[in-house]
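# Descriptive analysis of the structure
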Amino acid sequence: MNNLNRTGNTASQANTESLHQFMLDYKKLLFDVLRYWWLFALSILLALGVTYTIHRYSTPIYRASGTLLIEERGAEVPQNNMMEGFGLTPGQRNLDNQIAVLTSRDIVRKTIDQLDFHVSYVAEGRLKDTELYPSSPFTVIFDSAANQLLNIPIYLEPVDDNHFSLTINAIGISTINYQKGTIQQAFGNIDFKHQYAYGQWIDSPYFKIKIENSGIRPTDDKTYFFIFNDPDKLTNQYSSLLKATKGGENSSIVNISVTGPNHHKNINFLRALSQVFINANLEKKNQIATNTIRFIEEQLLVISDSLALKGNQLSSFRTKNRMQDVSSEAQLLFTRIQELNNTMSEQLLIKNYYQYLSNYFSNDSILTKGLAPATYKVENPIISNQINTILTLNNERLTLEGERNPFREELDKQIIVARNTLLEAIRNQSGIITRTLERLKQEQTLIEQRLHLLPETERQMLGMERQFDLNNEVYTFLLRKRSEAQIQKASNTSDHSVLETPQFTGQVSPQTGANNQKALFIGILLPLLFVILKQLLNTRITSSDEVEKLTSVPLIGHVMHNHKGETNVVLHHPRSVITETFRRVRSRLEYMTADKSTSIIAVSSSMPGEGKTFCALNLAAVFALAGKKTVLVGFDMRKPGLNKILDFEGKTGLSQYLINNARLDDIIHHSEQPYLDFVPSGEIPPNPSELIGSKKTDELFKDLRKRYDVIILDTPPMGVVADAYLLARKADTLIFLARQNFTIRPAFVQTIRQMTEEGVTNIGILFNDIHVNKGKKGFRYGYGYGYGYGYGYGYGYGHGYYED
C-alpha cells in the first residue's frame, strides 16, 4: 500500500512539475503589459499604417445588384417528374432553369457584344492604374473588320492640341478581328512610335483606328494608354463574377449581382444583361411563330402560282365560248365536288404538316439544338402532348452543363422515348388521313361520272371553275392563318421583367472598417503574444508569488539586490534595507528553532550562483548583531565560496579537521565583528561526501553546540551534489534559496520534491536578489508590483529609518 501511495504521489508531483514548466501569472502579465506599453503603441501604429497603405494602393472592388421577376405566362404544358425525388416542384425547377439560362456563357457573351467593353482606357499611376470609364479624355474608334492589337498597352501622349503620338513596346503579339471573331498569333518584338492627328484614320499592321480628342491636353501630367480586350476573356471574367440567387423559397424573384473594380461597368453590365435575357426569352417565344409563318408562306407560294394559272384558263375559256354560267344541276354537282376538294385540301395540308414534323424530329440533332417547330392546329391530342413534352424536356436539358451529367443523360433518354412515341403517332395519323383521302376520291369519281353526262362545254367550264375556286379557298385559308400567326407574334411579350434597376450597392474590398478593426486587433494581439510567450517560455523564477505557487514550503523572507559593494552588508550597513530583511529572516528562524538551545541552520539551493554564501554570511552576521555567539561553517568543500569572500585561501579549515590533521581550535577564525567566527572549508578534498558523512562531522557539531548559540552551514547546491542532503539531515532547519530571474523553475521544483522524499523537514524558502526600482512612491519590483514586509512602515516613506 505504501508503495502504491508513493507511486501515486510521485505521479502527482511529476504532473505538478510538468504544469509548472509553463506558468502564466495574470497579475504579472498585467504589469508586463503596462511595462511594454510602448510596444503595444508601436505595434498598433504599424498595423494601422500597413492597413492604410493597403487601402491606399489596392484596387477597390465594388458590387452592383438588381432584381428580376421570372414569370411563366405560356400555355400549361405537362411537366416531367424526374426531379420530384429531390423535393423540387415544377415551378422551382423552372426557376432553376431560368437562373441557369441567365448566368449561361451565351447570354454573358451576347451582353459583352452589346457593350463598349472592347477598349479599356487607363491612366497609369506610380503604384496602381486607374480605368477611365465611362468618361475618358479621348475616344478610340476602331474598324471591326480590321485586325486590332490584342491585350497590349498602346500609350498615347498628347503633342499639341491637334496631334498626339502612339507608343508600343511588346514582345510577342496577337491580333483580333472583332467582326470575324478570330485571333491570330505572331512572334517578334514591337518598338513602335509615331505621331498622328486627332480624327485621322490610322491604318497600320497592328490596328486600324482613329482617336477623337474629348478633353485631353498637352499640359496633362498623366500617362494614358488603351487596350483592346478579348471578348472571350471578358466573358469568362464576368461569368465568374456574376451571381444569381433566388429571392425566396416560394418566390419567382431572382437577385443578380456582379463585382468588379469599376462600379459604372458593373451597373451597365447588369442592365445590358437583364435586357439581353428578356429579349432572349421573347425571341424564343417568337421563334415558333416565325417558323409557322415561314411554313405557311411556303405553301402560299405553291398555291398562288396554281391560282393564277387556273384563273387565266377560266377567263380565256369564258371569252372563247361566250359562256358565263352553268346549269343548276351542274352547279349542285360542282358545289359538292368543291366541298370534297376543300376537305381533301385540308387533309393534305395536315398530312404535309405531319410529314414536316416527322422530318423535323427524325434527325438526331434534336439532342444538340434548341427546338422550335412550326405550329398548326392538330386534332390528335397524343401528338400535341408529345410535342409539348419534347419541348419541355429539351428546355430542361439545355440548362444542364457537362456531357457526363447524369440528369442530362436521363433527359436524353426521355426525349428519345417521347420522340419515338410522336413518330409512331404521326405514322398512324398519316395512315388515317391516307384512307380518308382515298374515300373522298372515290366519292369525287362518282360525282365526276355524273358530270360527264352534262354537255362538254358546260362540263369543261365547271371543271375550271372548280379548280379555281378550290385554289382560291385554300389560298384564302392560308392567308388567314398567316395573319393569325403574325398577330400572335406581334402580341408576344417576354415572361420576365426588371423589378429593380441595377444600381451600386457598396464596396466589397478592401473593407476599410473591418480591416482597421482587424489591424487594431492584430496590433494588440502580437505584443500580447510576445508578453505571454516571454512569460511562458521563461523557465526562471521571477517573483515570490511564483515561489508560493510552485511549492507549499513556507516563504520566510526576501532579500533585496545588493548595491552596497560589500559582501557582509549587515556588518558595514546595519541600517540598510538588506540588513532589515535579514533581521526579518532571523526572527522567523528563531521561531522555527525555538525549542533548540543551539540551532544548526543549513543554507542551500538547487543550483550554483543563487547566493548561498552571501546569505549565509549575512545571516551569521545578523545573529551575531543580536548578541548571539555565531559560527559560519564552510561545508561547500567542492567550490568553497566562503574562502574567496573572506580571504581564507590556504588557511587551515574544515577538510583538515575531518581527516584529523587539525584541531577544532585550529580551524576557528575570529572576525572583526563581535560574536561572529568562521570555519573555512580548507583544502578541496577528493571525497567530500564521505567526509561529511563520517562520525567526525557529528563530533564537530557536538563540540560547536557547546561553544555557540547559532551554527550556520554554507552547503553545496542540493540539485547538483548529495552533500547538502547529508547536512540537511543533521541541521535543525534548512534555508532553501531561490534567486530572482536566476533560479530555474523545474530544477527548483525537482529539488523541493527530492528533499520531501528524503525526509528533510523544517524547511524555509528565502527569495534572494530581488531587483527593485525606486518609483515616485516607494520601491517596486522590476515587474512592477510593490511589496511590503509588514513592519508598519513602507520603504517609500520614513527616510529616517533606513539608509538609501
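Everything here concerns the structure above.
Residues numbered from 1 in each chain as written. Predicted model: local features only at pLDDT ≥ 70, side-chain atom pairs only at ≥ 80, totals over all residues. Heavy atoms only, no water.

## Some details on the packing of helix α2 (residues 26–35) against helix α3 (residues 37–57)
Note the threshold: Axis angles are defined between N-to-C directions and span 0 to 180 degrees, where every axis is a line fitted to C-alpha atoms and, for a helix, only to the segment in contact. Secondary structure elements are taken from DSSP: a helix is a run of H or I of four residues or more, a strand is a run of E of two residues or more, and numbering for both begins at the N terminus. Whether two residues are in contact is decided by their heavy atoms, any of which lying within 4.5 Å being enough. By the convention adopted, Pro, Cys, Tyr, Trp, Phe, Met, Ile, Leu, Val and Ala count as nonpolar, Lys, Arg, Asp and Glu as charged, and the other residues, Gly among them, as polar.
One way to put it is that α2 packs onto α3 with a least axis distance of 4 Å and a crossing angle of 65 degrees. Residues V33, L34 and R35 of α2 form the contact with α3, whose participating residues are W37, W38 and F40. Counted by class, the contact of α2 with α3 contains five nonpolar, no polar and one charged residues.

## Considering unusual backbone geometry
Cis geometry marks the peptide bond from Y133 to P134, where omega comes out at 10 degrees. By secondary structure assignment, the location of P134 is in the loop between β3 (130–131) and β4 (138–142).

## Focus on helix α9 (residues 381–398)
Counted only if it meets this: Here the expected span of a helix is defined as 1.5 Å times the quantity of residues minus one. Between buried and exposed lies partly exposed: a residue is buried under 20% and exposed over 50% of the maximum accessible area for its type, with that area taken using a 1.4 Å probe on protein chains only.
For α9, with 18 residues, the first-to-last C-alpha span of 26 Å sits near the 26 Å given by 1.5 Å per residue. Buried residues of α9: I383, Q386, I387, I390, L391, T392, L393, N394, E396 and R397, and no others.

## Remarks on the sheet that holds strand β17 (residues 630–634)
What counts is decided by this rule: Any two strands with at least two DSSP bridges between them are considered paired.
Read across the sheet, eight strands follow the order β15-β22-β21-β16-β20-β17-β19-β18 without closing on themselves; strand pairing throughout is mixed. Edge positions in the open sheet fall to β15 (555–560) and β18 (669–670), since each of these has one partner strand only. Relative to strand β20 (residues 710–714), strand β16 (residues 599–605) is paired through five bridges, and the arrangement is parallel. Across the sheet, residue A602 finds its bridge partner in β20, namely L713. Taken strand by strand, helix α16 (residues 612–625) contacts β15, β16, β17, β19 (676–679), β20, β21 (733–739) and β22 (763–770), and its axis lies near 170 degrees from that of β20. On the sheet, helix α23 (residues 745–758) packs against β21 and β22 and is oriented at approximately 170 degrees with respect to β21.

## Some thoughts on the sheet that holds strand β10 (residues 208–213)
Spatially, the three strands line up as an open sheet ordered β4-β10-β9, and their pairing is antiparallel. Bordering the open sheet on either side are β4 and β9 (202–203), each of which pairs with just one other strand. Note that β9 and β10 share two bridges and pair antiparallel. Bridging across to β10, D203 finds its partner in K208.

## A few points about helix α21 (residues 695–707)
Residues spaced three or four apart along an α-helix face the same direction, because each turn holds 3.6 residues. Definition in use: It is the directions from the helix axis to the C-beta atoms that the arc portrays.
An ideal rise of 1.5 Å per residue puts 18 Å on 13 residues; α21 measures up with 19 Å between its terminal C-alpha atoms. Here α21 has its buried residues at K696, T697, L700, F701 and L704. End-on view of α21: buried residues confined to an arc of 140 degrees, all on one side of the axis. Residues of α21 that are exposed and point over 90 degrees away from its buried face: K695, K702 and K706.

## Focus: the pairing of strand β12 (residues 243–246)
When β12 meets strand β13 (residues 253–260), the two strands line up antiparallel, connected through four bridges. Looking at β13, one finds that K243 is bridged to S257. Between β12 and β13, which pair antiparallel in sequence order, lie six residues.

## Describing the environment of L301
With respect to the helices, strands and loops of the structure, L301 is situated in helix α7 (residues 263–321). Between the alpha carbons of L301 and Y475 there is a distance of 9.4 Å; along the sequence they are 174 residues apart.

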